[in-house]
Amino acid sequence: MKSSIIKIVGFAAVLGMFGSPALAEGDAEAGAKVFKKCKACHSMEEGKKKVGPSLFGVIGRAAGAVEGYKYSKAMLASGLTWNDEKLAEYLTKPRALVPKTKMSFAGLKKEDDVANVIAYLKANGG
Ligand code: HEC
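What you see is a predicted model, and the numbers here were worked out from it, not measured in a lab. (Residues numbered from 1 in each chain as written. Predicted model: local features only at pLDDT ≥ 70, side-chain atom pairs only at ≥ 80, totals over all residues. Heavy atoms only, no water.)

Structural notes on the nonpolar core
- Core analysis: the largest hydrophobic core is formed by 26 residues, its most contacted members being Phe-35, Trp-82, Tyr-90, Val-117 and Leu-121.
- Elements with a contribution of two residues or more to this core: helix H2 (28-39), helix H4 (84-92) and helix H6 (111-123).
- The element best represented in this core is H6, accounting for five residues. (Core = buried A, V, L, I, M, F, W, Y, C linked by side-chain atoms within 4.5 Å. Buried < 20%, exposed > 50% of the residue type's maximum accessible area, 1.4 Å probe, protein only. Helix = DSSP H or I, 4+ residues; strand = E, 2+ residues; numbered from the N terminus.)

Pasting the structure below:
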């Protein structure tokens, strides 16, 4: 009897860890695939700029803060800090958050893609 209770408790704990799709925590591995859409313009390597700035360390950083990268005035004036929430907004619809951003990217349509790519950014120097 005791052991079956332990099994049930164990199972519930596992469910708690992996079984809650409502959780906004993304999957970095799936995010690596999503990042392919960003790669043309962004590197995760520190200081390496492409069309867009390096995204190394972007989580928690002020918008427009990579030295040597020429941001749009809109991004510099945005006053944003890239936390999960603001990143999710920007990646869903860049021009809704920063109307004159020069990031010409339509946005990610799927919420999962957004959460996963943010997890990827975090896992790679974010
Ligand atoms: C077509 C090129 C292009 C694509 C594709 C693109 N970006 Fe960008 N991104 C830019 C440019 C250009 C900027 C600078 C925007 C500005 O100054 O207004 C930027 C800015 C950003 C910023 C703000 C960086 C900072 O230092 O403030 C983040 C975060 C970002 N992009 C994430 C992404 C992610 C994640 C993807 C893929 C889902 C992506 N971008 C796809 C070109 C692109």
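Digging into a positive patch on the surface
- Residues Lys-33, Lys-36, Lys-39, Lys-48 and Lys-50 make up a contiguous surface patch of positive charge.
- Here Lys-33 shows up in helix H2.
- Given a relative accessible area of 61%, Lys-33 falls into the exposed group. (Patch = residues over 30% accessible without salt bridge, like charges linked within 9 Å, V, L, I, M, F, W, Y side chains within 5 Å. Areas by Shrake-Rupley, 256 points an atom, 1.4 Å probe, with all protein chains shown as cover. Salt bridge = Lys/Arg side-chain N within 4 Å of Asp/Glu carboxyl O. Lys, Arg positive; Asp, Glu negative; His and termini not counted. Charge placed at Lys NZ, Arg CZ, Asp CG, Glu CD.)

Here's the deal with the side chain of Ser-54
- Secondary-structure assignment places Ser-54 in the loop between H2 and helix H3 (73-76).
- Of note is the side chain of Ser-54, whose polar atom sits 2.6 Å from the backbone oxygen of Glu-45.
- Only 3.1 Å separates the side chain of Ser-54 from the backbone nitrogen of Phe-56, close enough to count as a polar contact.
- Ignoring anything within four residues of it in the chain, the contact list for Ser-54 reads Ser-43, Met-44, Glu-45, Glu-46, Gly-47, Lys-48, Lys-49, Arg-61 and Val-66. (Polar contact = N/O pair within 3.5 Å; in protein donor to acceptor, adjacent residues only side chain to side chain. Contact = heavy atoms within 4.5 Å.)

Let's talk about the site of the ligand
- Inspection of the region around the ligand gives 25 residues, with Cys-38, Cys-41, His-42, Ser-72 and Met-103 positioned closest.
- The separation between an oxygen atom of the ligand and a polar side-chain atom of Ser-72 is 2.5 Å.
- Looking at the shell around the ligand, the elements that each hand over two or more residues are H2 and H4.
- If you tally residues by element for the shell around the ligand, the top one is H4, at three residues.
- Of the residues assigned to the shell around the ligand, the class counts are 16 nonpolar, six polar and three charged. (Near = heavy atom within 4 Å. Nonpolar A, V, L, I, M, F, W, Y, C, P; charged D, E, K, R; others polar.)

Here's the deal with H2
- Given a rise of 1.5 Å per residue, twelve residues ought to cover 16 Å, and the 15 Å separating the end C-alpha atoms of H2 matches this to within 8%.
- The complete set of buried residues in H2 reads Gly-31, Val-34, Phe-35 and Cys-38. Within H2, the buried residues cover an arc of 115° as seen down the axis, which keeps them to one side. Pointing more than 90 degrees away from the buried face of H2 are the exposed residues Glu-29, Lys-33 and Lys-36. (Expected span 1.5 Å × (residues − 1). Arc of directions from axis to C-beta.)

Limitation: the analysis is restricted to geometry and does not speak to function.
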